[in-house]
Amino acid sequence: MKNKKGLLALLIITVFVSLANPAHAQQEKDADKTLSPYFFVKSDDPEVDQLPLKSTAVKVYISGVIADVAVKQVYKNEGKKPLEAIYIFPASTRAAVYGMKMTIGKRTVVAKIRKREAARREYEQAKQEGKSASLLEQHRPNVFQMNVANILPSDVIEVELKYTELLVPTDAVYGFVYPTVVGPRYSDRRITESHPSEKWIENPYLHQGESPAYTFNITVELAAGLPIRDVTCSSHKVTINYRGPALASVKLDPSERYGGNRDFLLKYRLAGGKIETGLLLFEGEEENFFLLMLQPPKRVSDHQIPPREYIFIVDVSGSMHGFPLDISKKLLRDLIGNLRPTDRFNVLLFAGGSSIMSKRSLPASRNNVRRAINMIERRRGGGGTRLLPALKRALSLERTEGYSRSVVIVTDGYVSVEEEAFDLIRHNLGNANMFAFGIGSSVNRFIIEGMARVGMGEPFIITRPGEAPDKARTFRKLIQSPVLTGIKIDSGEFDVYDVEPPSIPDVLADRPVIVFGKWRGKPKGTIRVRGISGDGTFMEKIDVAEVKPLKTNSALRYLWARHRIAILSDYNRLSPQDERVREVTDLGITYNLLTAYTSFVAIDTRIRLKDGKAVTVKQPLPLPQGVSDYAVGKGSFARKALPSVTPRTLTMRKESRATEQSHEYEKKHLAADSTAATPALKEINIELGKIAVTEGLSKESVQKLLNKHLSTINRCYKRATGNRSGIKGEFTFTLLIDSEGRVIKVIMDTSSKKNKELEKCIDQQLKTLIFPSRKESQNAVVTVAFILK
């Protein structure tokens, strides 16, 4: 009895302390929150401009095989309070960012390259002193962050950054990609445990289908050096003007001014299917650089292909819901459906957890192929994107003796564990190749290209359903026979050093062999390239003395340094003490390049904000075209018109997004839903009726989950009826649930149909539920009745 009284007293004290110290209670609550994207909620403070980025304008100049890109971001404060704007944006994985400047009125400040920590300190000091400043940091090789401090009311501040990249053709097709938006990244790390450099993941997003809050424009001037043809843009509506055999200009159509929600994709060919090959030289004041691009031999088809084993890893998480998963299904139907009878294969699906078709790979028989396709077809997309456990499980599968293994992963790459994935693949892949398919209009190209690179395979990007068959055919062609293997380069009398890459991997696709490096002395001698092609020994010679160094090739110094940085750090997990960190930092400082360890900072000398403090706002990003609200959270409860809601309130774990959102919304914001035409529900219109479950699930756990979501179901009633009574009776639904607890099918009893809109809404809500997972592989069945009062 005494123990019970003691426990009761302790409980009362705990509750009292929590109530008396709300800050402590909030800290405990925040400790459980994960580093996740959230939906943008407009503030009710009219004096704060929450959308400071007004436009992004891009100018691209392509000369031969090198693209030079200028990106101008315009920030304007249309509110009454000074601002600090934070904007997360993407770039090409090959971009060498070499310059930045900030313009305020008629004053222009050229940014300086600094070590990352020093640049951040200088920026923060300038912000505290009331000076306008801008800071450009790299979070990933393809994800950057721009901070612009002390934007005063009515200010217009322009920030321009410049980068260059090498255009490498595949199958004689050149492509330039300008990524426009960073897709939401899944993370299961707690906020309190996350490194400050990872906080960018916690970024606001607009809802599915909402246009970007800023305008977008892009122009391309193309001077190929050889006659060009077939200039196309598959992503945006453009106007193409040919100004000569080798010259063309591309302009974005005015109707695409809000087209910054998908990658800009430009492709072109050279006449006769040629590719730009040969040697480029640049002679600098202190260092000289070269670039060698050599066309490989034609592929020779080999029908004596050894038996192969394929492991297909398929992302079925929330960000893949809808359009991306539809593309994946089409692709996999093609890939699996065209396996040879002599092949073996397995399929692993992953989201918050993973499920596998078989413990060992199976023969590609008609029945097994049909079974695999049915397994994939049943998935609709939902849950978090736990890539690492899925990779570990797939890479640990027992190998089939005498079979050459290829691992194929299909995903949008919306995760924050890129380097961990690269390390895992590098150390566990063995003698297999990994091929990565990026699915969607704005995929994470860094992880797609990186997984293929460390896995000695090839990356593929599919942005539209119609591209799936062609990509599948290309994949099969690569598997059949590589273009060139055992590649060796002999520079002879041409004195070269710091050559990248140190060793050249096998060329699987029809693209040129590329070598960067530095040279000393006079350009002379002969470069010889040797290798094994499909029809025997291959050798090509280049006479160095015939090539003149050109000042127009000055970008080679940036491209060499960027390639060196990629080898050292892009695809490796580095500890702060790693010697490679120092080398990457030195490269960034020496060659004026943005890296993970160097940043650009521009500071105005004038003190402009003398009294007060700037309000920090994160620029909300549009969801990439075709990506649903499931990528962030179901989203039906994060109304942008809700007053006085902080973004933190809407931070959530993707794995339990529907549960957390509905619970948080009902508890705090239901009465404030100003988007609804009728007042909030004053009574419960729908009650839980009879529940029946099969073995493997407890009735109590099912009832608890359904009761937790009953308020959400009642909102369906409100939407369907306008809060008017009149629909009475009972709705009965049967749910088919897989071993991971995900609802794979909802069937409604046809005898209980009463209101189409209500039925559809309840059906959609039931599909978001996550039931307890089970060890049994067979599906469970739950039948539930909802009573309408």
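Residues numbered from 1 in each chain as written. Predicted model: local features only at pLDDT ≥ 70, side-chain atom pairs only at ≥ 80, totals over all residues. Heavy atoms only, no water.

J.: Can you tell me about the overall build of the chain, naming the residues and giving the values?
T.: Scanning the chain for helices and strands turns up 15 helices and 37 strands. Here the chain has roughly 34,800 Å² of accessible surface; of this, 50% comes from carbon and sulfur atoms. (Helix = DSSP H or I, 4+ residues; strand = E, 2+ residues; numbered from the N terminus. Areas by Shrake-Rupley, 256 points an atom, 1.4 Å probe, with all protein chains shown as cover.)

J.: How would you sum up unusual backbone geometry? Please name residues and give values.
T.: When glycine is set aside, most residues are seen to have a negative phi, and most peptide bonds are trans. The omega angle of the peptide bond from Glu500 to Pro501 is -5°, so this bond is cis rather than trans. Backbone geometry at Ala172 places phi at a positive 65°, although glycine is not the residue there. Here Ala172 lies in the loop between strand E10 (156-166) and strand E11 (173-178). What makes Ala172 buried here is its relative accessible area of 13%. Of note in the backbone geometry, Asn592 takes a positive phi value of approximately 60° without being a glycine. As for its placement among the helices and strands, Asn592 is situated in the loop between helix H11 (579-590) and strand E32 (598-607). The exposure class of Asn592 is partly exposed, given its relative accessible area of 28%. (Buried < 20%, exposed > 50% of the residue type's maximum accessible area, 1.4 Å probe, protein only.)

J.: Can you break down the sheet that holds strand E14 (residues 228-233) residue by residue, with the values?
T.: Backbone-to-backbone hydrogen bonds join strands into a sheet, with any given pair of strands oriented parallel or antiparallel. Reading across from one edge, E11-E17-E14 is the order of the three strands in this open sheet, with antiparallel pairing throughout. In this open sheet, the two strands that pair with only one neighbour each are E11 and E14. Along the sheet, successive strands turn relative to each other by an average axial angle of 15°, direction set aside. Relative to strand E17 (residues 264-270), E11 runs antiparallel, the two sharing six bridges. Along E17, the bridge assignment pairs Tyr174 with Tyr268. (Pairing = 2+ DSSP bridges. Axes fitted to C-alpha atoms, helices over the stretch in contact; angles between N-to-C directions.)

J.: So what about the nonpolar core? Which residues, and what values?
T.: Counting 97 residues, the largest nonpolar core has Leu136, Leu166 and Phe176 as the members making the most contacts within it. Listed in part, the 38 residues of the second largest apolar core include Leu325, Ala351, Leu362 and Ala372. (Core = buried A, V, L, I, M, F, W, Y, C linked by side-chain atoms within 4.5 Å.)

J.: I'd like a rundown of the packing of aromatic side chains, residues and numbers included.
T.: Under the counting rule described, the total for this entry stands at 19 aromatic pairs. A ring pair is formed by Tyr98 and Tyr558, whose centres lie 4.6 Å apart and whose planes are at 10°; its orientation type is stacked. Placement of the pair is Tyr98 in strand E5 (residues 96-104) and Tyr558 in helix H10 (residues 555-570), with a sequence separation of 460 residues. (Phe/Tyr/Trp six-rings, centres within 6.5 Å; stacked < 30°, edge-to-face > 60°.)

J.: Go over H10, please, and point to the residues and values.
T.: Three or four residues apart is the spacing at which side chains of an α-helix point the same way, because the helix has 3.6 residues per turn. In terms of residue burial, H10 counts as a mostly covered element, since twelve of its 16 residues are buried. Buried within H10 we find Ala555, Leu556, Tyr558, Leu559, Trp560, Ala561, Arg562, Ile565, Ala566, Leu568, Ser569 and Asp570.

J.: Describe the layout of surface pockets, listing the residues and the values that go with them.
T.: If you add up the space inside the second largest pocket, you get close to 1,300 Å³. Split into classes, the residues belonging to the lining of the second largest pocket amount to twelve nonpolar, 15 polar and 21 charged. (1 Å grid on protein atoms, 1.4 Å probe; cavity = no way out; pocket = protein on both sides within 12 Å on 5 of 7 lines; lining within 4 Å. Points joined across faces, edges and corners; volume = space filled by probe spheres on them. Nonpolar A, V, L, I, M, F, W, Y, C, P; charged D, E, K, R; others polar.)

J.: Describe the packing of helix H6 (residues 387-395) against helix H7 (residues 418-428), and please don't skip the residues or the numbers.
T.: How two helices pack is summed up by the angle between their axes together with the distance between the axes. Direction vectors running N to C along H6 and H7 enclose 5°, while the axes themselves pass 10 Å from each other. As summarised for this structure, H6 and H7 are arranged roughly parallel, according to the angle between their axes. Of the residues in H7, those touching H6 at Leu387, Leu388, Leu391, Lys392 and Leu395 are Glu420, Ala421, Leu424, Ile425 and Asn428. Looking at side-chain class alone, the contact of H6 with H7 contains seven nonpolar, one polar and two charged residues. (Parallel < 35°, antiparallel > 145°, perpendicular 65-115°, else oblique. Contact = heavy atoms within 4.5 Å.)

J.: Before we move on, could you go through empty space enclosed by the protein and cite the residues and values that matter?
T.: Applying the stated criterion across every chain yields a total of four cavities of 30 Å³ or more. In this structure, the largest cavity occupies an estimated 80 Å³ of space. Taken together, 14 residues line the largest cavity, and the ones lying closest to its centre are Pro90, Asn142, Val181, Val443 and Asn444. When its residues are assigned to classes, the lining of the largest cavity shows seven nonpolar, four polar and three charged.

J.: Break down the pairing of strand E13 (residues 215-223) for me, with residues and values.
T.: On a regular strand, one side chain projects to one face of the sheet and the next to the other, so that they alternate. As paired strands, strand E2 (residues 53-63) and E13 are joined by nine bridges and run parallel to one another. Bridge pairing in E13 places Ile62 opposite Leu222. As defined by bridge partners, E13 adjoins strand E16 (residues 247-252) across five bridges and the pair is classed as antiparallel. The residue of E16 that forms the bridge with Glu221 is Ser249.

J.: Describe in detail the pattern of salt bridges, supporting the description with residues and values.
T.: Enumeration according to the criterion identifies 37 salt bridges in this entry. Note that Glu124 and Lys127 form a salt bridge whose closest N and O atoms lie 3.2 Å from each other. Of this pair, Glu124 and Lys127 both sit in helix H3 (residues 116-128), three residues apart, roughly one helical turn. For Glu398, the salt bridge goes to Arg360, with nearest N and O atoms at 3.9 Å. A residue pair is termed long-range when its members are at least 10 positions apart, and Glu398 in the loop between H6 and strand E24 (404-411) and Arg360 in the loop between strand E22 (354-356) and strand E23 (362-363) qualify at 38 residues. In this structure, a network of salt bridges that share partners links the residues Glu84, Arg120, Glu124, Lys127 and Glu137. (Salt bridge = Lys/Arg side-chain N within 4 Å of Asp/Glu carboxyl O.)

J.: So, the side chain of Lys329: which residues are in play, and what are the values?
T.: Note on placement: Lys329 falls in helix H4 (residues 323-337). Although Lys329 is buried, it makes no salt bridge; Glu377 carries the closest opposite charge, 4.5 Å away. Here Arg379 takes part through its backbone oxygen, which lies 2.6 Å from a polar atom of the side chain of Lys329. Residues in contact with Lys329, not counting those within four places in the same chain, are Ile376, Glu377 and Arg379. (Lys, Arg positive; Asp, Glu negative; His and termini not counted. Polar contact = N/O pair within 3.5 Å; in protein donor to acceptor, adjacent residues only side chain to side chain.)

J.: Explain the sheet that holds strand E7 (residues 112-115) to me, and be specific about the residues and the numbers.
T.: What the six strands build is an open sheet, ordered E7-E32-E8-E9-E4-E33; its pairing is mixed. The sheet terminates laterally at E7 and strand E33 (615-618), the two strands that pair on one side only. Neighbour-to-neighbour, the strand axes of this sheet turn through a mean angle of 25°, independent of strand direction. Across four bridges, strand E4 (residues 83-90) lies against E33 in parallel orientation.

J.: Which residues make up the pairing of strand E8 (residues 131-140), and what are the values?
T.: The buried count for E8 comes to ten of ten residues, which makes it a mostly enclosed element. For E8 and E32, the ladder comprises five bridges, and the chain directions are antiparallel. Within E32, the position partnered with Leu135 by the bridge is Val601. For E8 and strand E9 (residues 143-151), the ladder comprises seven bridges, and the chain directions are antiparallel.

J.: Run through the environment of Ser319, naming residues and quoting values.
T.: In this structure, Ser319 sits in the loop between strand E20 (308-315) and H4. Its relative accessible area of 0% is what places Ser319 among the buried residues. With 310 residues separating them along the chain, Ser319 and Asp629 place their C-alpha atoms 7.6 Å apart.

J.: Would you mind going over the side chain of Asn77 in detail, with residue names and values included?
T.: For Asn77, the position within the fold is in the loop between strand E3 (66-76) and E4. Residue Asn77 is classed as buried on the basis of its relative accessible area, which comes to 1%. Beyond its immediate stretch of four places on either side in the chain, Asn77 contacts Asp49, Pro82, Leu83, Ile151, Leu152, Pro153, Ser154 and Asp155.

J.: Account for the confidence of the model for the chain, naming residues and giving values.
T.: Taken residue by residue, the chain gives an average pLDDT of 82. The fraction at 70 or more is 85%. Note that pLDDT drops below 50 for residues 634-682; the model gives that stretch 125 contacts with residues more than four away or on any other chain. (pLDDT = per-residue confidence, 0-100.)

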